[in-house]
Structure formats: structure tokens, C-alpha cells
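# Per-entry structural report
Single-letter residue listing:
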Amino acid sequence: MRVKAVIAYDGSKFYGFQKQTTTSQTVTTQIELALKSLHINSSIVGSGRTDRGVHASNQVIHFDLPSYWSDLDKLRYTLNQKLSYIDFKHISKVDSNFHARFSATKRIYRYIFQTTKVNVFQKDYISYYDDFDELKLQEALNCFIGVHDFKFFHKQGSNVHTTKREIYKSYYVKMGKYHYIYFEANGFLRSQVRMMVEASMLVALNKLDVEDLKRQIDTIKQYTTRLAPPQGLYLARIIY
């Protein structure tokens, strides 16, 4: 039986989502170890990877269950008892052809930061930037909307057949002392969101001209390869 699970995790406690050969402290490995302890020898598949330090409030995974695991509420409860810093929010039965990654149509990321000093309790979950121009930030974010070749907005090291992606929404919201940047797209390249956030903030901080940002988006010239800090980034929602 194939199941879909919606999970949240504290990315500051892991070396990323993807399984690694040098450490067991990844989201995937910890979940698979918990499943194995319940005699569920299934690999999990995620909707996408997150970097070290990046969080998820609604990551989606799928895996296959042996027939005797029919009580999904009990499975969710048991996994949550076994896991630290990972929360199984929902587990539901899906068709056998459901795929957490390939069945997804949209992905939404949220970036949270503030312009006042981040205290010791916030430092792993909220990023910091100096005071900035909010209008310039939104102007920069608008440049990403549409279909673009993002070859200048991703980290090397992952094999992809194309670097073209479509950004459906890209916008800024302020709530109290907190600042939020949202990106909604059909998919993202490795570290693409962090690079887009940093480039947009450079414009808002008057450290990068918006016309130069457009030239980088148009793959004419690369002006920045910097990444926004991972602490403020959350995989917020996957849409199917």
C-alpha cells in the first residue's frame, strides 16, 4: 500500500533532507531508520530536497507499507514517538502511481527575516538583514515571475535535464517586525530560492542594480552567486 505523508522538520538539526554517506543525521535516513524499526523496509521519496539548516512546515513524502500496517493513525503516532525534530502531520493512502516529486504541480517556499537583532532562541529559524527598501525588494521579486532559464541561480552538483523553471508568484509581505518572501513555482533548482532571496535583498539594500539582476535572470552575465542564510527558509507547501 502506498501512502503519502505530510511532515514538518527542524532543519537546524539535520545535514539536509537527502541521504548521505558520511552521516546518518539527515531527514531521510532518520525516517527510514524509524520505519525499519517497525519492520517497514521501504525507502522514502520526497517532493524535493532541502539544504542543511533549511526547514519544512509541509514537506510531502511517499513510501510503501506492508499489508498488515492498516492503522495509519497508529503509524503516525508511533513514528512521532520515535523521531526527534520531525513531525508526521498526516498519513493517507494514495494510488500506487502517486509520486511525491513527479506528481507535484506547484511548490511554495517562505523566507522569514527581521531587521532587528535575532536573539538566541530565534537564530536557527529567522534570518537577519539590515534595513532595506521595501519597494525595491518587490521590484526585484517581480523580475523572477514567468519562465526563465535559471542557470545563474543554482548551485552546481546536481544533474538536471533543464535549468528552466516557471515562477508563478514572487512577493514580499510584512507582518509586525517580521518580513516574509514567498516563491511559488513548478519546481526549483538546488539552492535556487536562497540565491533569488539574496539577489533580491542586494537590490533592496542598494548593493545590486535591478537592471543587473534582470541581466542575470536573462543569462547575460552573472553578478552574484551569494546564498541567503538557510535559517529563514521553509518549504511551506506542495500542491498536487
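Presented here is an overview of the structure given in this document. (Residues numbered from 1 in each chain as written. Predicted model: local features only at pLDDT ≥ 70, side-chain atom pairs only at ≥ 80, totals over all residues. Heavy atoms only, no water.)

### Quick look at the overall build of the protein
Heads up, the rule is: The way it works is that DSSP assigns letters per residue, a run of H or I at least four long becomes a helix, a run of E at least two long becomes a strand, and they are numbered from the N terminus. Atoms counted for the radius of gyration: C-alpha only. Globule rule: 2.2 Å times residue count to the power 0.38. Contacts are residue-level and defined by heavy atoms, with any inter-residue pair within 4.5 Å sufficient. For the area figures, the Shrake-Rupley method with a 1.4 Å probe applies, and any residue is considered shielded solely by the protein chains shown. His residues and chain termini do not enter the charge count, which takes Lys and Arg as positive and Asp and Glu as negative. Lysine's charge is taken at NZ, arginine's at CZ, aspartate's at CG and glutamate's at CD.
On a plain count of helices and strands, the protein comes out with five helices and ten strands. For 240 residues, the compact-globule estimate of 2.2 N^0.38 gives 18 Å, and the C-alpha radius of gyration of the protein, at 19 Å, lies within 12% of that figure. Considered along the principal axes of its C-alpha atoms, the protein spans approximately 60 × 40 × 35 Å. Considering only intrachain contacts with a sequence separation of at least 6, the fraction spanning at least 24 residues in the protein is 70%. Split by element, the accessible area of the protein, about 12,200 Å² in all, is 47% carbon and sulfur. Taken as two groups, the 34 positive and 22 negative side-chain charges of the protein have centres that lie 6 Å from each other.

### Brief notes about helix α5 (residues 210–217)
Applicable threshold: Only protein chains enter the area calculation, which uses a 1.4 Å probe; residues under 20% of their type maximum are buried, those over 50% are exposed, and those in between are partly exposed. Read the arc as the range of directions from the helix axis to the C-beta atoms. Distance and chemistry together define a polar contact, namely a pair of N or O atoms within 3.5 Å, with one atom able to donate a hydrogen and the other to accept it when in protein, and with adjacent residues in sequence counting only for side-chain atoms on both sides.
All buried positions along α5 are accounted for by Val210, Asp212, Leu213, Gln216 and Ile217. The buried residues of α5 all sit within an arc of 155 degrees when viewed along its axis, so they share a single face. Tucked into the core, α5 has its buried residues touching α3 (134–142), β7 (146–149) and α4 (192–204). You can read the cap of α5 off the contacts: a side-chain oxygen lies 2.8 Å from the backbone nitrogen of Glu211, and it is on Asp209.

### Digging into the pattern of salt bridges
Heads up, the rule is: For this analysis, a salt bridge means a side-chain nitrogen from Lys or Arg found within 4 Å of a carboxyl oxygen belonging to Asp or Glu.
Inspection of every chain in the model, using the stated rule, returns nine salt bridges. A salt bridge links Asp64 to Arg2; its shortest N-O distance comes to 2.8 Å. Taken together, the residues span a long stretch of sequence, with Asp64 in strand β3 (residues 55–64) and Arg2 in strand β1 (residues 2–9) at a distance of 62 residues. Look at Arg2 and you get buried, because its relative accessible area is 18%. In this structure, the salt-bridge partner of Arg194 is Asp51, at a minimum N-O distance of 3.2 Å. With a gap of 143 residues between them, Arg194 in helix α4 and Asp51 in the loop between β2 (45–46) and β3 connect regions that are remote in the sequence. In terms of burial, Arg194 and Asp51 fall into one category: buried.

### Quick notes on the pairing of β1
Defined as follows: A strand pair is defined by DSSP finding two or more bridges across the two strands.
Counting buried positions along β1 gives seven out of eight residues, so the element sits mostly inside the fold. Taken together, the seven bridges between β1 and strand β4 (residues 86–93) define a ladder with antiparallel strand orientation. Residue pairing for β4: Ala5 is matched across the bridge by Ile91.

### Let's talk about α3
Taken as a whole, α3 has its buried residues at Leu137, Ala140 and Leu141. Projected onto a plane normal to the axis of α3, the buried residues spread over an arc of 100 degrees and lie on a single side. Summarising the contacts, the buried residues of α3 are in contact with β8 (164–175), β9 (178–185), α4 and α5. Capping the start of α3 is the job of one residue whose side-chain oxygen sits 3.0 Å from the backbone nitrogen of Leu135: Asp133.

### So, the pairing of β9
The element β9 is extensively covered by neighbouring structure, given that seven of its eight residues are classed as buried. Of the strand pairs in this sheet, strand β5 (residues 106–114) and β9 are connected by eight bridges, and their pairing is antiparallel. Bridge pairing in β9 links Arg107 to Ala185. As judged from the eight bridges shared by β8 and β9, these two strands associate in the antiparallel manner. Within the sheet, the bridge partner assigned to Val173 lies in β9 and is Tyr180. Joining the antiparallel neighbours β8 and β9 is a turn of two residues, in which Gly176 adopts a positive phi near 65 degrees.

Keep in mind that these numbers describe shape and distance, not what the molecule does.
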